[in-house]
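Spelled out, the chains give:
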Amino acid sequence: MMPAEVVYRARAYDTPDDPFDPATAAPGFRYDDDLGLAVSDDGVIVARGPYASVAAAHPDAPVLDLRSGLLLPGLVDTHVHFPQVRVIGALGMPLLEWLERCALPEEVHLGSPDYAATIAEEFVASLIAAGTTTSLVFGSHFAPAVDLLLAEAERYGLRVTSGLVVSDRILPEPLLTTPDRAYAEALWLAERWHGRGRIRYAVTPRFALSASDPVLAACAAVLGEVGGSLFTTHVNENSAEVATVAGQFPHRDHYVDTYDHHGLLGPLSVLAHDVHPTDAELGVMAARATSVAWCPTSNSALGSGIFPLRRHLAAGVRVALGSDVGAGTGFSVFKEGLQAYFLQHLQGAEGVALGAGHLLHLSTAAGAAALGLGDTVGDLSEGKQFDAVLLRPPPGTALDLGLRHADSPESALGKVFALAGDADVAEVWVGGDQVASGGFVRPVTPRATAARRRPAG
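- As recorded by an unreviewed UniProt entry, the protein carries the name Guanine deaminase and is attributed to Nocardioides eburneiflavus.
- Recorded in UniProt for the protein, the comment headed Cofactor (unreviewed entry) runs: "Zn(2+)".

Brief notes about the domain arrangement of the protein
Phase 1 of the analysis: The domain boundaries assigned to the protein delineate domain 1 (6–73 + 386–441) and domain 2 (75–371).
Phase 2 of the analysis: Averaged C-alpha coordinates put domain 1 and domain 2 at centres separated by 28 Å.
Phase 3 of the analysis: If you look at the interface, domain 1 gives 32 residues, while domain 2 gives 30 residues.
Phase 4 of the analysis: For the pair domain 1 and domain 2, the interface holds two salt bridges.
Phase 5 of the analysis: A salt bridge links Arg159 to Asp387, with the nearest nitrogen and oxygen atoms 2.6 Å apart.
Phase 6 of the analysis: For the pair domain 1 and domain 2, the number of links is six residue pairs in polar contact (both at pLDDT 80 or more).
Phase 7 of the analysis: Broken down by secondary-structure element, the contributors of at least two residues to the side of domain 1 that touches domain 2 are β1 (6–14), β5 (70–73), β15 (388–391), α16 (409–419), β16 (425–430) and β17 (433–437).
Phase 8 of the analysis: Here the side of domain 1 that touches domain 2 is composed, by residue class, of 21 nonpolar, four polar and seven charged.

Focus: the side chain of Gln434
Phase 1 of the analysis: Tracing the backbone through its elements, the reader meets Gln434 in strand β17.
Phase 2 of the analysis: A polar contact of 2.6 Å, which involves the side chain of Gln434, links it to the side chain of Glu427.
Phase 3 of the analysis: Reaching out from Gln434, the side chain makes a polar contact with the backbone oxygen of Ala436 at a distance of 3.4 Å.

Concerning the pairing of strand β13 (residues 291–294)
Phase 1 of the analysis: Every second residue of β13 is oriented toward a common face, with Ser291 and Ala293 on one face and Val292 and Trp294 on the other, all of them buried.
Phase 2 of the analysis: Each parallel crossover has a hand, and for strand β12 (residues 269–273) linked through helix α9 (residues 279–288) to β13 it is right-handed.
Phase 3 of the analysis: Relative to strand β14 (residues 318–321), β13 runs parallel, the two being bridged by four bridges. Counted as the bridge partner of Trp294 is Leu321 from β14.

Regarding the packing of helix α4 (residues 143–156) against helix α5 (residues 179–193)
Phase 1 of the analysis: Contact geometry of α4 with α5 gives a least axis separation of 10 Å together with a crossing angle of 15°. Looking at the two axes, α4 sits roughly parallel to α5. At the point where α4 passes α5, the crossing takes the right-handed sense. Of the residues in α5, those in contact with Ala143, Val146, Asp147, Leu150, Ala151 and Glu154 of α4 are Glu185, Trp188, Leu189, Arg192 and Trp193.
Phase 2 of the analysis: A breakdown of the residues in the contact of α4 with α5 according to their chemical character gives seven nonpolar, no polar and four charged.

Scoring rules and cut-offs
- Residues numbered from 1 in each chain as written.
- Predicted model: local features only at pLDDT ≥ 70, side-chain atom pairs only at ≥ 80, totals over all residues.
- Heavy atoms only, no water.
- UniProt positions renumbered as here; feature names shortened; annotations may be inferred.
- Domains from an automatic or database assignment.
- Contact = heavy atoms within 4.5 Å.
- Salt bridge = Lys/Arg side-chain N within 4 Å of Asp/Glu carboxyl O.
- Polar contact = N/O pair within 3.5 Å; in protein donor to acceptor, adjacent residues only side chain to side chain.
- Helix = DSSP H or I, 4+ residues; strand = E, 2+ residues; numbered from the N terminus.
- Nonpolar A, V, L, I, M, F, W, Y, C, P; charged D, E, K, R; others polar.
- Buried < 20%, exposed > 50% of the residue type's maximum accessible area, 1.4 Å probe, protein only.
- Right-handed = clockwise from strand over helix to strand, strands pointing away.
- Pairing = 2+ DSSP bridges.
- Axes fitted to C-alpha atoms, helices over the stretch in contact; angles between N-to-C directions.
- Parallel < 35°, antiparallel > 145°, perpendicular 65-115°, else oblique.
- Left-handed = near helix turned anticlockwise from the far one by under 90°.

Here is the structure:
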């Protein structure tokens, strides 16, 4: 048995089995009232079981008692924009107007390395504050800005996948590139970062609306050269966008085909939004094992539409949650889960009745699977990395009151999604490294150069 560096004692939830699978028993989540998790020096959960048994098997390991809060797997955000931190909360505009008035002018500012460095600090701190340990990040159109983002993510040990955003039309001139430059800058970033610690590279055309066939072909070339890289972009978010793309690509079968034609879709591809898919498009995504990042608050704020979850599930398309900062209304994946619940509930028979287990799964294990990390993170099973979030609401808050009076584990987990926010995230671990404690974030010492710090008590 591998020795443990520490044993965590906790009340814990996770979803090792998919609650959307009819074979998964109700309530669709795993709950342990007095769980023991033995974690090794390299951040791996080496034993899981009743606390008394785990502690007895690892008598020399210090015990960290977390039972004053609730322990969950680290949250996974499958679609979040690095350059848009400062434009969160701009309401009342559809997608294309919001891009023109809010997002794109702010993204131009990241051409300044000093400004980009400040945004990177704000962005990474916001992820940690929200309990997001793993994310697929829409980067910047400027390679130096992406470099700064990844350096900041590495400094805190987050699992971040990101890349250079590329476009060659429609957008403001400073955000445009050429196919050759897009290819060269992407390879430069991938060579520096892909597979370095917990960082991976994502090939990222903004969307077909702003990326011509030559740029998409350049993206395909990068994807082919950088083994294990991901692909991400937008699709079918807004009706006007969908109609414009159809006019730009009359030789393609549909919006999804603008990407599939270049071989960009596969199991490590994540398409954001997909509010308005055709059945044919869902069939292509299912055949390619491509995932969709569902962004409920953004879809509501921009009036894009209600995500057709039932159609995606029926077609066999994998779905996970994304915050879509800054069109979304914050970094909290809990908030996305709550909005997802509301919108499906409003659809009646056309929606999917979501329980607490579904929301936890969409926020953790589903996202890990979409990003190709299902064997590494997403739940608190033996063999997984210890990525975790401890919720400990301040006394007297709505969540504190709700949890103290919850009458079942399912009721308590439901209240987490109904009421939790950043202030309730007390501790955050990534791969056994504690990156937040008591509301304070702290850099981690890279394992390659020094032994890992022990968790704070």
